[in-house]
Amino acid sequence: MSFEKLNEDVIESGLCTGCGACAYVCPTNAISITKKPRLTGRCEGCGTCIESCYIFKGETSNSLDRLKIFAAYSKIEEAKKKGQDGGVVTTILTSLLNKDMIDCAAVVVGNNKDRPNVNLARSIEEIFEASGTKYGTAPIISVLDELDKNERVAMVGTPCQIKALRSLMKNNSKYRESIKYLIGLFCMKNFDFNRLFKGKISGEDIKLEDIEKCDIDKGVFQVFLINGKKIEFNLNELKGCVRNSCNYCSDFEAELADISVGSVASEGGYSTIIIRSSNGLEAFDVSKESLNFVSLNQEDISIVDKLTSLKKDDNV
Ligand SMILES: Cc1cc2nc3c(=O)[nH]c(=O)nc-3n(C[C@H](O)[C@H](O)[C@H](O)COP(=O)(O)OP(=O)(O)OC[C@H]3O[C@@H](n4cnc5c(N)ncnc54)[C@H](O)[C@@H]3O)c2cc1C
Ligand code: SF4
Ligand code: SF4
Ligand code: SF4
């Protein structure tokens with residue numbers, strides 16, 4: 001089977017999440033990926049790209065294991081200030097690096113002006129640089145190419161990216177050895193970067209270089225400008241900017257991650273954290289001295305449950 005089959009069944013049909021696995025595994029480096037995978041080299045028809053694609057293989061297995069769930073924010077001033085919510089993801093990554101439990105972290109960097117990009121952060125400064133949510137996707141799996149032999153990495157990603165990584169790890173011991181921790185982000189929907197920023201937001205006369213931060217709160221997409229102004233878009237207005245694959249996605253809380261982090265269910269300035277595995281507990285243990293945490297009551301937790309069910313009912 002050749003790239004043509006993957007192109008027809010997954011990419012052109014709009015199911016591709018842009019995870020980057022197919023491009024990463026191609027032995028002839030024939031696939032390039034920015035917005036979506038394209039054949040830019042010679043395809044030898046080996047079928048490896050198809051075997052690496054969890055969408056093609058129809059791998060939908062989810063798990064709702066939750067060992068612990070609570071809310072927290074970082075005691076590290078810079079992580080709290082630059083973080084999207086409580087700066088928890090940044091704090092977990094810096095703690096893992098400081099305690100020599102990883103050599104690097106795969107993170108997504110961006111500034112709302114240019115398409116988000118992946119970086120293999122090997123220093124605390126590089127991890128801080130990636131703080132905050134970037135709306136748009138980056139093919140995080142492609143960063144595995146940059147790993148040196150025996151390097152241990154923590155990967156951060158949206159639920160679809162975590163699923164793609166679990167699939168790679170299941171089928172190849174090389175990835176199981178190098179990928180030590182998977183940190184997933186809650187995700188209801190993501191956007192096509194160009195359609196959202198270069199199309200819709202620029203179209204409202206907002207200069208992209210004036211944007212400090214974007215966020216979603218209660219169905220409203222908020223654009224915070226450097227001058228202190230806030231511009232809001234109802235999510236219904238942005239339907240045309242949503243990535244096609246998000247309309248078929250049924251995982252809200254990154255069910256296959258070791259730790260999932262999001263904003264819903266906790267107060268502003270806190271992140272909601274779900275620990276899902278023994279690896280997750282290990283990562284949390286080395287990070288907890290840098291976090292202030294509070295428990296969540298059943299009513300708070302039911303907000304996560306509700307969104308999880310909503311996404312499954314809508315998209316299964
Ligand atoms: C596209 C998207 C949609 C989201 N939707 C929701 C939602 O509906 N409800 C909800 O509760 N939470 C959602 N989140 C999660 C939320 O925005 C925060 O990322 C989460 O609460 C962690 O905050 P933090 O302050 O602990 O993270 P920080 O300390 O700020 O760290 C953020 C980390 O996220 C990584 N990252 C940023 N952008 C991306 C990206 N595009 N792809 C992969 N990794 C990225 C960075 O590498 C960084 O390490 C979404 C996140 C993304 C990326
Ligand atoms: S050479 Fe193999 S992995 Fe690369 S595009 Fe062709 S079928 Fe896919
Ligand atoms: S979902 Fe991932 S592996 Fe499948 S075609 Fe898209 S980028 Fe390639
Ligand atoms: S909605 Fe699903 S497919 Fe879209 S970015 Fe989020 S996890 Fe990925």
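Owing to the predicted nature of the structure, the values given are computational and were not obtained by experimental measurement.

## With respect to the overall build of the chain
So, point 1. The secondary structure content of the chain amounts to 11 helices and 13 strands.
So, point 2. In terms of overall dimensions, the chain is globule-like: its C-alpha atoms have a radius of gyration of 19 Å, near the 20 Å expected for 316 residues.
So, point 3. With the principal axes as the frame, the chain shows a C-alpha extent of 55 × 45 × 40 Å.
So, point 4. The buried share of the chain, reckoned over its 316 residues, is 46%.
So, point 5. Look at the contacts in the chain between residues 6 or more apart in sequence, and 65% of them connect residues 24 or more apart.

## Brief notes about the domain arrangement of the chain
So, point 1. Under the domain assignment, the chain is made up of domain 1 (3-52), domain 2 (68-189 + 245-315) and domain 3 (193-242).
So, point 2. Measuring from the centre of the C-alpha atoms in domain 1 to the corresponding centre in domain 2 gives 25 Å.
So, point 3. The interface of domain 1 with domain 2 comprises 13 residues on the first partner and 14 residues on the second.
So, point 4. Residues belonging to the side of domain 1 that touches domain 2 are distributed by class as follows: 7 nonpolar, 6 polar and no charged.

## Section: the sheet that holds strand β8 (residues 211-217)
So, point 1. The 3 strands are arranged β8-β9-β10 in an open sheet whose pairing can be described as antiparallel. Edge positions in the sheet fall to β8 and β10 (230-234), since each of these pairs with one other strand and no more. In this sheet, neighbouring strand axes are inclined to one another by 20° on average, regardless of whether the strands run parallel or antiparallel.
So, point 2. Note that strand β9 (residues 220-225) and β10 share 5 bridges and pair antiparallel.

Parameters at a glance
- Residue numbers run consecutively from 1 along every chain, following the written order of its sequence.
- Working convention: letters from A go to chains and numbers from 1 go to ligands, in the order in which they are written.
- Reporting in this predicted model follows two pLDDT cut-offs: at least 70 for local features of residues, and 80 or more for side-chain atom pairs to be given and counted; totals over whole chains, interfaces and linings ignore these cut-offs and use all residues.
- Runs of E in the DSSP output that reach at least two residues are strands. Runs of H or I that reach at least four are helices, and both are numbered from the N terminus.
- Each radius of gyration reported is based on C-alpha atoms, and the globular scaling rule is 2.2 Å times the count of residues to the power 0.38.
- Burial is judged by counting the other C-beta atoms within 10 Å of a residue's own C-beta: 20 or more makes it buried, 12 or fewer makes it exposed, and any count in between marks it as partly exposed, with every C-beta position built from the backbone.
- Contacts are defined on C-beta atoms placed from the backbone: any two residues whose C-beta positions lie within 7 Å are in contact.
- Domain boundaries shown here were taken from an automatic or database domain assignment.
- Note on residue categories: nonpolar means Ala, Val, Leu, Ile, Met, Phe, Trp, Tyr, Cys or Pro, charged means Asp, Glu, Lys or Arg, and polar means any other residue, Gly included.
- For two strands to be treated as a pair, DSSP must find no fewer than two bridges joining them.
- Whenever a helix is involved, its axis is fitted only over the stretch in contact; in every case the axis is a line through C-alpha atoms, and angles between N-to-C directions fall within 0 to 180 degrees.

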